[in-house]
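A closer look at the structure
Take a look at the letters that make up each chain.
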Amino acid sequence: MNVSRREFLKGSGALVVTFGAASLPSSYAVAQGPFGAHPSHIDPLKLDSWIVIGGDGIVTAYTGKCDFGQGMFTAQSQLVAEELCVSLGRVRLIECDTSVCADEGTTSGSQSTPTNFNTSNLAQAAATAREALMNLAAQRFGKPIDQLTVAEGVISDKTERRVTYAELIGNKRFNLTLSKTAKRRTPAEWTVLGKPVPSLDRVALIAGQFEFVHNVRVPGMLHGRVVRPPSVGATVASVDESSVRQIPGLLKVVVRNNFLGVVAEKQSEAIKAARRLKVSWNAGPGLPPQKTLYEGLRKQPSRDVLEVDSKDVEQRLASARTVVRATYTYPYQMHGSLGTSCAVADVKPDGATVWSATQSVYPTRSIVAKLLGLPLDSVRVVYVRGSGCYGLNGADAVSFDAAVLSHALGKPIRVQLSREDEMAWENFGSACIVEQRAAIEGSRIVAWDCENWMASKGGRPGYDTPGNVVTGELLGYAPETVSPQTAAEPMGKFENRSNFAPSYIAGCVGGNCGGAGTVLSERVLSHTVTSPFFTGPLRSPSRIQNTFAHECFMDELGAGAKADPIEFRIQHLRDERLIAVLNSAAEAAKWEKRASPKPNLAKTGIASGRGVACVIYEGNNGYVALIADITVDLASGRIQPHKFVAALDCGPVSNPDGLRNQSEGGILQGMSRALVEEVTWDDKRVTSTDWESYPSPYVGMEVPTVDIVLLNHTTGAAMGAGETAITVVAAAIGNAIFDATGVRIRQVPFTAERVRAALASTSQGGVE
Amino acid sequence: MSKISLKVNGRLHEVDVDSATPLLFVLADELGLSGPKFGCGMAQCGACTVIVRRQVVRSCVMPVRAVGEDEVTTLEGLGAPEKPHAIQQAFIDEGAAQCGFCLSGVILTAKVVLDEKPNASDEEMREALGGVMCRCFAHIRMLRAIRRYADTRKA
């Protein structure tokens, strides 16, 4: 299929978003196509792939990083306005549409800001466009650029002469490659970026008129529903289609390997058919007992990675006067998006369009092409926002569901998952166990050894692995599994991208020390083992689990040394920016210098305490320190956070209001994950299938205060912020529980039951 | 299938559906409204909230026939983007949203509470919002917006 950009623009304008560029004349639009080969037909090195100036002076920008509700749409619009010296109202941003946007992979990992706001991609494209426009004006006026000024899309020389962007290039191609030397506007010059611009989508959202993927409607659209297996690993023996034949509106039962779905005229008919369809299933292999999950993880064959190894750790541990050991565990948790995942697919004989809330439009395009046997360049995936997405929720799987059902009928089909199907089959955040050992001399840590085991099955489908999510596996594609492998010697630079290592080690590999800390005797070994459930990135993947273990263990070491927790941390750090966020948080929280636990612990009633935790997210992508003030009801074990104070340094801040908004959400979501969230299962199936079996605090909960101090580090690189704050919440709360009670709880979540049991066993003289 | 008349946001509609169909699917699929949303289908989260008879109703579990002649008000029925209702304006002023999927539940529930009792205490408001979820946890700003709206009503 040879589809021009304009045809796509025409096709989508009415449906999903208002495309400002739809008015482009065909000469320009056609020139954008036709499709080339994977990875992208839209060359990211060409300026015309990113920026178009319309005849009306509107700047249309095309980005491969999309907004899931945390403000990237607004921040990227600000970036384009800033670099092109126009007001925000003159910018139109088109997000993640494979027909018009360059392939920027997946929007994830707090990488949108680092990717698009630094020295390449969207930021550099906008700077290149401004430079090109200034050059054109300089030629027209016959004056050097430094004698020109630009404002609101109008370039003037110092006389009366002026020319608009539209007059210079309106509706025409730049025909330039991105310039590495095009000068970016500096934070000191910013007038749009760096300002607390209110989120551009809020009015439509609050008025109930924002179009989510759930609201996409295509003429002739039908409703599909999937039928997932009754237990993990079950396979289809037979399907009795006569069981649903009487249901009015039912059009088809689709069976493909173990994938089952129904299609009906109306949504409620599809739901009824999915519920009533009689299927005979072969039982799955069964699930390991939840009670012994963590011991089980440790016994499995594993794929090992050695991040750092100074080779002297065992010796230091053997000779040290004091050795501290502890084991930390973190459960499977889920994205649990508020709206169940939804997608609309329109598969025709010569091509397909999928409206999807995926984080990965290009990889999704590849997988859909593979599943349907279509040429890659005949598939278009358009991102339309779904319900809040904190990683790989059901968005990819449901996009494949919709594509397969639409393919079977040749008609456009909308699929939305049931709550149970969403929760039981999404890619969970991994369960994890971490073993910590440290050697102490005086009040210094002299050796630190940590070893983690993380459960894994599947993950992002990428461009080629449909089996990494449930739909693909049911269709017969294998998920990525763990091939056992012993660890190679550490190589290259120590970067701590997964936060497997604590901040306090020196991180020395081959003589180069990339860690944030000072502990020279160090070993960090990670094991990936097979999970019975699908796993995948969930806000702060592996970072949240390991940081919980590191920051609580650091607290244990500080308590053992009778040191103030912040002072003790700073004593073992050499990274100035991490030290700075610790000091800022301490100052804002009026931190009282003393050791934990607090003196004169309460024995009955309500105990109060404070805890701190800090991290450099992904080793280089944002600094945070968080202080939690909590109370513990000693009778019930209930934890109530009252106040969080966070200090954040994410480089130059693009939008302080957006950063605060998403950090507030991250901290409270972290609190929910620390206190209540845990996926449960029985011997066959996941039993966390609704909001009673997987609770999450309601809007009516007692909401703690959240104060956020932003350290606007304007000279460095722009960093992500989506996952920074959430990463330290469980540790800060765990440390506050210890401060309040003297009891260390090393297992998330800190449910009232678990806290009560820990308090009881300690008061009876047991060891927690 | 039966023909059902339904008054929604001041307009009368006639739809041809099974009368047991959940009200939500009629609003979303037949009338093309985007305010109420499917979150759980079990009245656990509030994303599908609408107002009927001055009460909040979980439209995902209410059969359309149970509406009768009463008017249904959805989030978009409160006010338009260019002329939002005062409670919507308070949410806009506070920037009280992240993904926004939860807003029908939060805004309509708070409005019904304050319509009934303009001086509702924080405690009463919390209780009313005790069945409304937001998984982005924009709680702080949403509660601030509700307080702002309550204050403007009192003034």
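To be clear, the structure that these remarks concern was listed above.
For the structure given in this document, a descriptive report is provided here. (Residues numbered from 1 in each chain as written. Chains lettered and ligands numbered in written order. Predicted model: local features only at pLDDT ≥ 70, side-chain atom pairs only at ≥ 80, totals over all residues. Heavy atoms only, no water.)

**Observations regarding the overall build of chain B**
Defined as follows: Secondary structure is summarised from DSSP: a helix means a run of H or I of at least four residues, a strand means a run of E of at least two, and numbering begins at the N terminus for each. The globule rule is 2.2 Å times the number of residues to the power 0.38, and the radius of gyration it is compared with is taken over C-alpha atoms. Partly exposed describes any residue whose relative accessible area lies between the buried limit of under 20% and the exposed limit of over 50%, with all areas from a 1.4 Å probe on protein chains only and scaled to the type maximum. Only heavy atoms matter for contacts: two residues are in contact if any of them lie within 4.5 Å across the pair. Residue burial considers only the protein chains on display, and all accessible areas are found by Shrake-Rupley using a 1.4 Å probe. His residues and chain termini do not enter the charge count, which takes Lys and Arg as positive and Asp and Glu as negative. For the purpose of locating charges, the reference atoms are NZ of Lys, CZ of Arg, CG of Asp and CD of Glu.
Along the backbone of chain B there are 6 helices and 5 strands. For chain B, the C-alpha radius of gyration of 15 Å lies close to 15 Å, the compact-globule estimate for 155 residues. In terms of its C-alpha atoms, chain B occupies a principal-axis envelope of roughly 45 × 30 × 25 Å. A burial count over chain B gives 58% of its 155 residues as buried. For chain B, restricting intrachain contacts to residue pairs at least 6 apart in sequence, the fraction spanning at least 24 positions comes to 56%. Approximately 6200 Å² of chain B is accessible, and the part contributed by carbon and sulfur atoms is 46%. A gap of 5 Å separates the mean positions of the 19 positive and 19 negative side-chain charges of chain B.

**Description of helix H6 (residues 139-154) of chain B**
Inclusion rule: Expected helix span is given by 1.5 Å per residue-to-residue step, counting one fewer step than there are residues.
Under the 1.5 Å per step criterion, the end-to-end length of H6 of chain B is 23 Å for 16 residues, consistent within 8% with the ideal 22 Å. Of all the positions in H6 of chain B, only His139, Ile140, Arg141, Met142, Leu143, Ala145, Ile146, Tyr149 and Ala150 of chain B are classed as buried. In this structure, the buried residues of H6 of chain B make contact with helix H18 (656-675) and strand S26 (705-710) of chain A together with helix H3 (86-94), helix H4 (103-116) and helix H5 (122-128) of chain B.

**Focus on the pattern of salt bridges**
Any two side chains of opposite charge can pair, on the condition that their charged atoms come close. Our working rule: Think of a salt bridge as a Lys or Arg side-chain nitrogen and an Asp or Glu carboxyl oxygen that are within 4 Å of each other.
In the structure shown here, the tally under the stated rule is 52 salt bridges over all chains. Taking the shortest distance from any N to any O, the salt bridge between Arg173 of chain A and Asp48 of chain A comes out at 4.0 Å. Of the two residues, Arg173 of chain A sits in the loop between helix H6 (165-169) and helix H7 (202-206) while Asp48 of chain A sits in the loop between helix H2 (26-32) and strand S1 (51-53), which places them 125 residues apart along the sequence. With relative accessibility at 25%, the residue Arg173 of chain A sits in the partly exposed group. The class of Asp48 of chain A is buried, set by a relative accessible area of 4%. Between Asp93 of chain B and Arg148 of chain B there is a salt bridge, with the nearest N and O atoms lying 3.6 Å from each other. Of this pair, Asp93 of chain B sits in helix H3 while Arg148 of chain B sits in helix H6; the two residues are 55 residues apart in sequence, bridging distant segments of the chain. Owing to a relative accessible area of 41%, Asp93 of chain B belongs among the partly exposed residues under this scheme. Note on Arg148 of chain B: relative accessible area 34%, which makes it partly exposed. Among the charged side chains, a network of salt bridges with common partners joins Glu314, Arg437, Asp449, Glu451 and Arg523 of chain A.

**Topic: the sheet that holds strand S2 (residues 59-63) of chain A**
Residues and elements named next belong to chain A. Cut-off, in case you're wondering: Each pair of strands is called paired provided DSSP finds at least two bridges between the two strands. For helices, the fitted axis covers only the stretch in contact; all axes are lines through C-alpha atoms, and the angles between them, taken along N-to-C directions, range from 0 to 180 degrees.
Spatial strand order, S1-S2-S3: 3 strands in an open sheet with mixed pairing. Looking at strand neighbours, the two that pair on one side only are S1 and strand S3 (91-95), the edges of this open sheet. With direction set aside, neighbouring strand axes in the sheet form an average angle of 20°. Sheet topology note: the S1/S2 ladder contains 3 bridges and is antiparallel. Across the sheet, the residue bridging to Ile51 is Ala61, located in S2.

**Topic: the state of the cysteines**
Residues and elements named next belong to chain A. Note the following rule: Counting rule for disulfides: a pair of cysteine sulfur atoms within 2.5 Å.
Following the criterion strictly, the structure yields 1 disulfide over all chains and no others. Residue Cys508 pairs covalently with Cys513 via a disulfide, S to S 2.1 Å. What sets the handedness of the Cys508 and Cys513 disulfide is the S-S torsion sign, and at about 105° it is right-handed. The closest cysteine sulfur to the non-disulfide-bonded Cys66 is located on Cys96, 3.1 Å from its own sulfur. Residue Cys66 is classed as buried on the basis of its relative accessible area, which comes to 1%.

**Things to note about the side chain of Ser663 of chain A**
Residues and elements named next belong to chain A. With respect to the element layout, Ser663 can be found in helix H18. Residue classification places Ser663 among the buried positions, given a relative accessible area of 2%. Contact partners of Ser663, with chain neighbours within four places excluded, come to Leu648, Ile708 and Ala725.

**Points about the interface of chain B and chain A**
The condition is simple: Accessible surface is computed with a 1.4 Å probe, and the buried area is the amount of it that two parts give up when combined, taken over both parts together. A 3.5 Å cut-off defines polar contacts: any pair of N or O atoms within that distance qualifies, except that in protein one atom must be a possible hydrogen donor and the other a possible acceptor, and neighbouring residues in sequence count only when both atoms are side-chain atoms.
Across the contact, 55 residues belong to chain B and 60 residues belong to chain A. Summing both partners gives a buried area of about 4700 Å² for chain B against chain A, and 59% of it is carried by carbon and sulfur. Per-residue buried area on chain B facing chain A is highest for Gln98, Arg135 and Phe137 of chain B; these three make up 18% of the total on that side. Note that Arg141 of chain B is salt-bridged to Glu664 of chain A, the shortest N-O span being 3.0 Å. At the junction of chain B with chain A, the criterion picks out 30 residue pairs in polar contact (both at pLDDT 80 or more). Counting residues per element, the ones that place at least two in the side of chain B that touches chain A are strand S2 (11-17), helix H1 (23-30), helix H2 (75-78), H3, H4 and H6 of chain B.

**Things to note about the packing of aromatic side chains**
Residue and element names in this part refer to chain A. Spelled out, the test is: The criterion for an aromatic pair is that two Phe, Tyr or Trp rings (for Trp, the six-membered ring) have centres within 6.5 Å, with stacked assigned to planes under 30 degrees apart, edge-to-face to planes over 60 apart and tilted to the rest.
On inspection of all chains with the given rule, the structure shows 14 aromatic pairs over all chains. Residues Tyr328 and Phe548 carry aromatic rings whose centres are separated by 5.4 Å and whose planes lie at 90° to one another, so their mutual orientation is edge-to-face. You can see Tyr328 sitting in strand S13 (residues 322-330) and its partner Phe548 sitting in helix H15 (residues 543-560), a full 220 residues away along the chain. Residue Tyr328 is classed as buried on the basis of its relative accessible area of 1%. Through pairs of rings, three or more aromatic residues link up here, namely Tyr328, Tyr330, Phe548 and Phe750.

**Quick notes on the nonpolar core**
Counted only if it meets this: For our purposes a nonpolar core is just a set of buried Ala, Val, Leu, Ile, Met, Phe, Trp, Tyr and Cys residues, chained together by side-chain atoms within 4.5 Å.
Formed by 152 residues in total, the largest nonpolar core has its most connected members in Ile51 and Leu84 of chain A together with Phe91 and Met142 of chain B. No other element matches the 11 residues that helix H5 (residues 121-141) of chain A contributes to this core. If we skip the residues at most four places from it in the chain, Ile51 of chain A touches Val59, Thr60, Ala61, Val80, Leu84, Ala125, Ala126, Ala129 and Phe174 of chain A. Membership of the second largest hydrophobic core comes to 94 residues, among which are Tyr330, Ala438, Val615 and Ala732 of chain A.

**Focus on the packing of H3 of chain B against H6 of chain B**
Residues and elements named next belong to chain B. This is how the line gets drawn: Our angle categories are set so that under 35 degrees counts as roughly parallel, over 145 as roughly antiparallel, 65 to 115 as roughly perpendicular, and the remainder as oblique. The hand of a helix crossing depends on one turn: near helix anticlockwise from the far one by less than a right angle means left-handed, and clockwise means right-handed. Any residue that is not Ala, Val, Leu, Ile, Met, Phe, Trp, Tyr, Cys, Pro, Asp, Glu, Lys or Arg is counted as polar, Gly included; the first ten are nonpolar and the last four charged.
Following both chains from N to C, one finds H3 and H6 inclined at 135°, their axes separated by 8 Å at the closest point. As far as their axial angle goes, H6 and H3 are oblique. Here H3 runs over H6; the crossing is right-handed. On H6, the residues that touch Ala86, Ile87, Ala90, Phe91, Asp93 and Glu94 of H3 are Arg141, Met142, Arg144, Ala145, Ile146, Arg148 and Tyr149. Its residues assigned to classes, the contact of H3 with H6 comprises 8 nonpolar, no polar and 5 charged.

**Let's talk about the sheet that holds strand S18 (residues 432-441) of chain A**
Residues and elements named next belong to chain A. The strand order across the open sheet built from 5 strands is S12-S22-S19-S18-S13, with neighbouring strands paired in mixed fashion. Since the sheet does not close on itself, it has two edges, and those belong to strand S12 (303-309) and S13, each with one partner. On average, each strand axis in the sheet is tilted by 10° relative to the strand beside it, whichever way the strands run. Inspection of the sheet shows S12 paired to strand S22 (residues 521-530) by 6 bridges, in the antiparallel sense. Residue pairing across strands places Val308 opposite Val524, the latter belonging to S22. Each of S13, S18 and strand S19 (444-456) touches H15; the most contacted strand, S13, lies at about 150° to it.

**Points about empty space enclosed by the protein**
Selection criterion: Cavities and pockets are defined on a 1 Å grid built over the protein atoms alone: a cavity is a set of grid points where a 1.4 Å probe fits but cannot escape, while a pocket is an open set with protein on both sides within 12 Å along at least five of seven lines, and lining residues are those with an atom within 4 Å of any such point. Grid points are joined across faces, edges and corners, and a volume is the space filled by probe spheres set on the points.
Under the counting rule described, the total for this entry stands at 10 cavities of 30 Å³ or more. Roughly 170 Å³ of volume is contained in the largest cavity. Around the largest cavity, the lining comprises 20 residues; the ones closest to its centre are Gly71, Ser199, Gly658 and Asn661 of chain A together with Ala97 of chain B. The element best represented in the lining of the largest cavity is H18 of chain A, accounting for 4 residues. Looking at the lining of the largest cavity, its residues break down into 3 nonpolar, 11 polar and 6 charged.

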